[in-house]
Amino acid sequence: MTTLLIIVLLIVAFLVGMNLWTRKLTAQGYTRVPQLGDITPVAGGSIHYVERGHPSKQTIVMIHGLAGQLQHFTYALVDMLAGDYHVIALDRPGCGYSTRDRADLGRLPEQARMIQEFLDIKGVSDAVLVGHSLGGAVSLAMALDHPEKTKALALLAPLTHKLSATPQVFKPMEMRSEWLRKLIGNTLAVPLAAKTAHHALSTVFDPEPAPEDFLDRAGGALGLRPSAFITGSQDVVGVDDSIAAQADRYGELSVPGGILYGAQDAILSPDTHGEPMTRFGLTNEQIDGAGHMILITKPDACAAFIRRIADASQADQSTPSENT
């Protein structure tokens, strides 16, 4: 009995120590990456966003990927486009400084609903959606559920179909038990993430180098929080549970647009997630030598791609129909 008690006390002491370490890293993350914009409540949580450019211009809405935050777009793309467009970059529900109330809100239709509710509150009814990675899947969900409010899709390395397996770098997030997510998130996940950050970034950016200022300028330090791990885990499971049904609906897609991929993307295959979408009216382009994080490593090419999609959608709107 004494031996068992000692073991239990050691485990408890270890977890308490990890929790204290987690709190320290979390505080540092908030200091390194402060809140940039405003927060708007929606059903099931809230949306944190930054807004640039004049609202009278075409609105571009930017939606980041798994384990990301809106700083992936403020890193370069927002300022590159804000002179000619009305740009909104947001934290997906539960990410960055946004919130969500329940695990099931990680499913694609729910994330799409929450973001569309936010846009409705903002009075945006003709958005060009720029979705990166998982944000691309959310953008597609919005276009399927609200085609009348989505002008075009400019998708950067999007997730479009069910994965055969979760990418190895995100494998630790693949857990379905909410209590286990919270236990791991508040003890082990954050210190481990801090220790393995360099390797994880190298994997996500491969074959390109990760920028040295990623943790600060691109908001990566916000990943060193329990909520980031918990939300990421909910996303991995929620998307896995809902993307097959979404892919079955792509024949309904009526919103124009295109896809831009890094040809050497090590996270999502361009052949699996880009090329098949041409059947549903989306163009498909690739940047040779580029990986998954093209919004940060190839901002000029991404900005030019977004401009082409946005300007084409404006031209289509202004062209009179044959019956006019």
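Reading guide: rules and limits
- Note that residues are indexed from 1 along each chain, following the sequence as it is written.
- With pLDDT at 70 or above as the cut-off, local features in this predicted model cover only qualifying residues; side-chain atom pairs require 80 or more to be listed or tallied, and sums for whole chains, interfaces and linings still use all residues.
- Heavy atoms throughout the structure, all of them, feed into the side-chain values; hydrogens and water do not.
- Helix numbering and strand numbering both begin at the N terminus, where a helix is a DSSP run of H or I of at least 4 residues and a strand a DSSP run of E of at least 2.
- Contact between two residues is taken to exist if any of their heavy atoms lie within 4.5 Å; hydrogens are not considered.
- Exposure above 30% relative accessible area and no salt bridge define the residues that can form patches, which grow by joining like charges within 9 Å and nonpolar side chains of Val, Leu, Ile, Met, Phe, Trp and Tyr within 5 Å.
- For accessible areas, the Shrake-Rupley method is used with a probe of radius 1.4 Å. Any residue's cover is judged against the shown protein chains and nothing else.
- Whenever Lys or Arg places a side-chain nitrogen within 4 Å of a carboxyl oxygen from Asp or Glu, that contact is recorded as a salt bridge.
- Note on definitions: angles span 0 to 180 degrees between N-to-C directions of axes, and those axes are lines fitted to C-alpha atoms, for helices only across the stretch in contact.
- Every angle not falling under 35 degrees, over 145, or within 65 to 115 is termed oblique; those three ranges are roughly parallel, roughly antiparallel and roughly perpendicular.
- Each crossing is labelled by how the near helix is turned from the far one, with a counterclockwise turn of less than a right angle marking it left-handed and a clockwise turn marking it right-handed.
- When a residue's accessible area, from a 1.4 Å probe over protein chains only, is under 20% of the maximum for its type it is buried; when over 50% it is exposed; and in between it is partly exposed.
- In this context, the arc is that of the directions from the helix axis out to the C-beta atoms.
- Strands were regarded as paired on the criterion that DSSP finds at least two bridges between them.

**Q** Just give me the short version of the side chain of S313, but keep the residues and values in it.
**A** Residue position: S313 is located in helix α12 (residues 299-318). The contact partners of S313, leaving out residues within four places of it in the chain, are V128, K151 and A152.

**Q** Go over a nonpolar patch on the surface, please, and point to the residues and values.
**A** A surface patch of nonpolar side chains, about 260 Å² in accessible area, is lined by V12, V16 and L20. Counting through the fold element by element, V12 comes out in helix α1 (residues 2-32).

**Q** Explain the packing of helix α5 (residues 134-145) against helix α9 (residues 226-247) to me, using residue names and the numbers behind them.
**A** α9 packs onto α5 with a crossing angle of 45° between their chain directions and a minimal axis gap of 11 Å. Between α5 and α9, the angle falls in the class oblique. The chirality of how α5 crosses α9 is left-handed. Here L134, A137, L140, A141 and L144 of α5 come into contact with α9, specifically with D235, V239, I243 and Q246.

**Q** Before we move on, can you summarise the pattern of salt bridges with the specific residues and values?
**A** Under the counting rule described, the total for this entry stands at 20 salt bridges. A salt bridge links R32 to D216, with the shortest nitrogen-to-oxygen separation between them at 2.8 Å. Residue R32 is located in helix α1, and its partner D216 is located in helix α8 (residues 214-217); the two are separated by 184 residues in the primary sequence. By relative accessible area, R32 is classed as partly exposed at 38%. Relative accessible area serves as the criterion here: at 36%, D216 is assigned to the partly exposed category. In this structure, D104 engages R102 in a salt bridge whose closest nitrogen and oxygen atoms are separated by 2.8 Å. Given the relative accessible area of 36%, D104 is considered partly exposed. In the salt-bridge network here, residues are joined through shared partners; they are K162, R176, D240 and D241.

**Q** Describe helix α6 (residues 178-185), with residues and values.
**A** Among the residues making up α6, those that are buried are R181, I184 and G185. Each buried residue of α6 lies within a common arc of 95° when the element is viewed along its axis, so the set occupies one face.

**Q** Lay out the pairing of strand β8 (residues 257-262) in plain terms, naming residues and giving numbers.
**A** For β8, the buried fraction is high: 6 of the 6 residues fall into the buried class. With burial as the criterion, each face of β8 is covered, one bearing G257, I259 and Y261 and the other bearing G258, L260 and G262. For strand β7 (residues 150-156) and β8, the ladder comprises 4 bridges, and the chain directions are parallel. Across the sheet, L153 pairs through a bridge with G257, a residue of β8. With 6 bridges connecting them, β8 and strand β9 (residues 282-287) associate as parallel partners. Among the inter-strand pairings, G258 is bridged to a residue of β9, identified as T283.

Shape descriptors only; they carry no functional weight alone.
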